[in-house]
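Chains, contacts and geometry: an overview
Each chain, letter by letter, is given below.
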Amino acid sequence: MKIYNTLIREKQEFVPLVEGEVRIYTCGPTVYNYFHIGNARPFITFDTLRRYLEYKNYKVIYVQNFTDIDDKMINQANAEGITVREMADRYIREYYIDADNLNIKRSTFQPRATDCIVDILDMINVLVNKGYAYVAEDGVYFSVEKFETYGKLSNFNLDELEAGASERVCINESKINRADFALWKFKKEGEPSWESPWGDGRPGWHIECSAMSRKYLGDTIDIHCGGQDLIFPHHENEIAQSEATTGKPFVNYWMHNGFININNQKMSKSSGNFFTIRDIVQKYSYEVIRFFILSSHYRSPINFSEDLLAASQVALERIRNCVNNNTFIIDNRKKTGFEENIIANLDIQELKEAIAKAKTEFIASMDDDLNTADAMAALFDLVRVANIASTKDNVPSSILNEASTIIIVLFGVLGIKIIQEETIPSEVIALVVDRVNAKNEKNFALADEIRKKIGDFGFTVSDTPAGPKISKI
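Owing to the predicted nature of the structure, the values given are computational and were not obtained by experimental measurement. (Residues numbered from 1 in each chain as written. Predicted model: local features only at pLDDT ≥ 70, side-chain atom pairs only at ≥ 80, totals over all residues. Heavy atoms only, no water.)

So, on to the nonpolar core. Burial of nonpolar side chains together is a common tendency in soluble globular proteins. Formed by 132 residues in total, the largest nonpolar core has its most connected members in Ile-37, Leu-49, Ile-223, Leu-351 and Phe-411. At 9 residues, the largest contribution of residues to this core is made by helix H11 (residues 372–389). Setting aside residues up to four positions removed in sequence, Leu-351 forms contacts with Leu-382, Val-385, Ala-386, Ala-389, Val-395, Ile-399, Leu-400 and Ala-403. Val-428, Ala-438, Ile-450 and Ile-454 belong to the second largest nonpolar core, which has 9 residues in total. (Core = buried A, V, L, I, M, F, W, Y, C linked by side-chain atoms within 4.5 Å. Buried < 20%, exposed > 50% of the residue type's maximum accessible area, 1.4 Å probe, protein only. Helix = DSSP H or I, 4+ residues; strand = E, 2+ residues; numbered from the N terminus. Contact = heavy atoms within 4.5 Å.)

Below, the structure written as structure tokens:
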């Protein structure tokens, strides 16, 4: 498998530190609100990376954090008259509701920053003792000039760095260099704090991830993931403080996903085009959102629009209809005692070749820097051939079932569920029987009336050579 490594700006053959095992750290949410579609992209993308590595029989140790102490959290908690901990508890619960429904697997470890204060203080202490950090009036800072390779991830020159490169870069007069960043912030009125050798306070944003990664994954890890906006300063600062602490390489492979635009404009609250996942699922399912995210290569920008979501919904239904139709045909053949006349022919050969090709191209695409877009395209080719084959009586049930199995399994690797657990109410089944009787009696007006009643239950019925087929609307 090849991965595009942001550190070297090219695709690189993936070789884990330990054979058969992969250690991954991915930046999680700051828990002061529901997470939005921009947050969802890395959560879904790197969950898919994990799933694919597991499909390839790697043991994956996957860590995603919760940032539960932060300026935004403090300000909002104070405004609402609650503690920061209460706010974190609330939105961690809400995170899991959305993440579980998006079929994002639970992390091997998902620590809170505030549960790792001891680990954070240990790292800061090492950095101070080594001379990489200094105590200022308002906190403890990392001296970027002391770390010779600072800027190697972002390719920024230290002399050219602007202090305002991120909303989380702090500008004040107590720093030696304008690019120095806070490891520990001394306590202010109305803020939660912890004891430290340098004064009561709270951790800086960057040191939290370094400490949590080191605690659960060790000094050097295989893959670190996150959004493109985190390259600088967050990930750049993680490298500096981690490698200065341990004297070892921090990460072997850096993976960053592209941005999401809303109707071709940058997503922002001030522009009024800011959508949480909870907003979107008022109209589209969680599965459609996941499908939409994976329809593009993770490093490419995505344009989010209602038209594209609607297209994703149609595409997902097409796949499900293919599998459901195969199941319907196979079941009805068993019920009716249909005798299969299995003779080698072009229809059988074409479907067999499509099954083999789909699996080969799926793996090749995923091995090529997690190209989910091409992987899905390979499966759509199989769906097209399977739909044609299902109309032929000379295609054996075993091959139709094999096609369905490949579709289900490989979309499952993408975290997309094709089989929906669906219970058809007894009232609907009774109405379908009544409609069959009405049609047999040539009472088509009554049959149409019954079809409308079936629709009121949220189902539709279609007539096929194998009998009536009931589907969810």
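Attention now goes to the pattern of salt bridges. Should their charged atoms come close, side chains of opposite charge can pair. Evaluation of the coordinates by the stated rule reveals 29 salt bridges. The partner of Lys-357 in a salt bridge is Glu-361, and the shortest N-O contact between them spans 3.9 Å. Of the two residues, Lys-357 and Glu-361 are both situated in helix H10 (residues 346–367); the distance of 4 residues between them amounts to about one turn of the helix. Glu-361 gets classed as partly exposed once you look at its relative accessible area, which sits at 30%. A single network of salt bridges, built from pairs that share partners, joins Asp-71, Lys-185, Glu-191 and Arg-202. (Salt bridge = Lys/Arg side-chain N within 4 Å of Asp/Glu carboxyl O.)

This part covers the packing of H10 against helix H12 (residues 397–413). To characterise two packed helices, one gives the angle between the axes of the helices and the distance between these axes. At a minimum axis distance of 10 Å, the contact between H10 and H12 shows a crossing angle of 15°. The angle between H10 and H12 places the two elements in the roughly parallel class. In this structure, the crossing between H10 and H12 has a hand that is left-handed. Judged by residue contacts, Ile-348, Leu-351, Lys-352, Ile-355, Ala-358, Lys-359 and Phe-362 of H10 engage Ile-399, Leu-400, Glu-402, Ala-403, Ile-406, Leu-410 and Val-413 from H12. Residue composition of the contact of H10 with H12, by class: 11 nonpolar, no polar and 3 charged. (Axes fitted to C-alpha atoms, helices over the stretch in contact; angles between N-to-C directions. Parallel < 35°, antiparallel > 145°, perpendicular 65-115°, else oblique. Left-handed = near helix turned anticlockwise from the far one by under 90°. Nonpolar A, V, L, I, M, F, W, Y, C, P; charged D, E, K, R; others polar.)

We now examine H11. The first and last C-alpha atoms of H11 sit 26 Å apart over 18 residues, in line with the 26 Å expected at 1.5 Å per residue. Taken together, the buried positions of H11 are Thr-372, Ala-375, Met-376, Ala-378, Leu-379, Phe-380, Leu-382, Val-383, Val-385, Ala-386 and Ala-389. (Expected span 1.5 Å × (residues − 1).)

Right, let's talk about the side chain of Glu-243 for a bit. Looking at the secondary structure, you find Glu-243 in helix H6 (residues 231–246). At 2.8 Å, the side chain of Glu-243 forms a polar contact with the side chain of Lys-152. Contact partners of Glu-243, with chain neighbours within four places excluded, come to Phe-147, Lys-152, Lys-248, Pro-249 and Phe-250. (Polar contact = N/O pair within 3.5 Å; in protein donor to acceptor, adjacent residues only side chain to side chain.)

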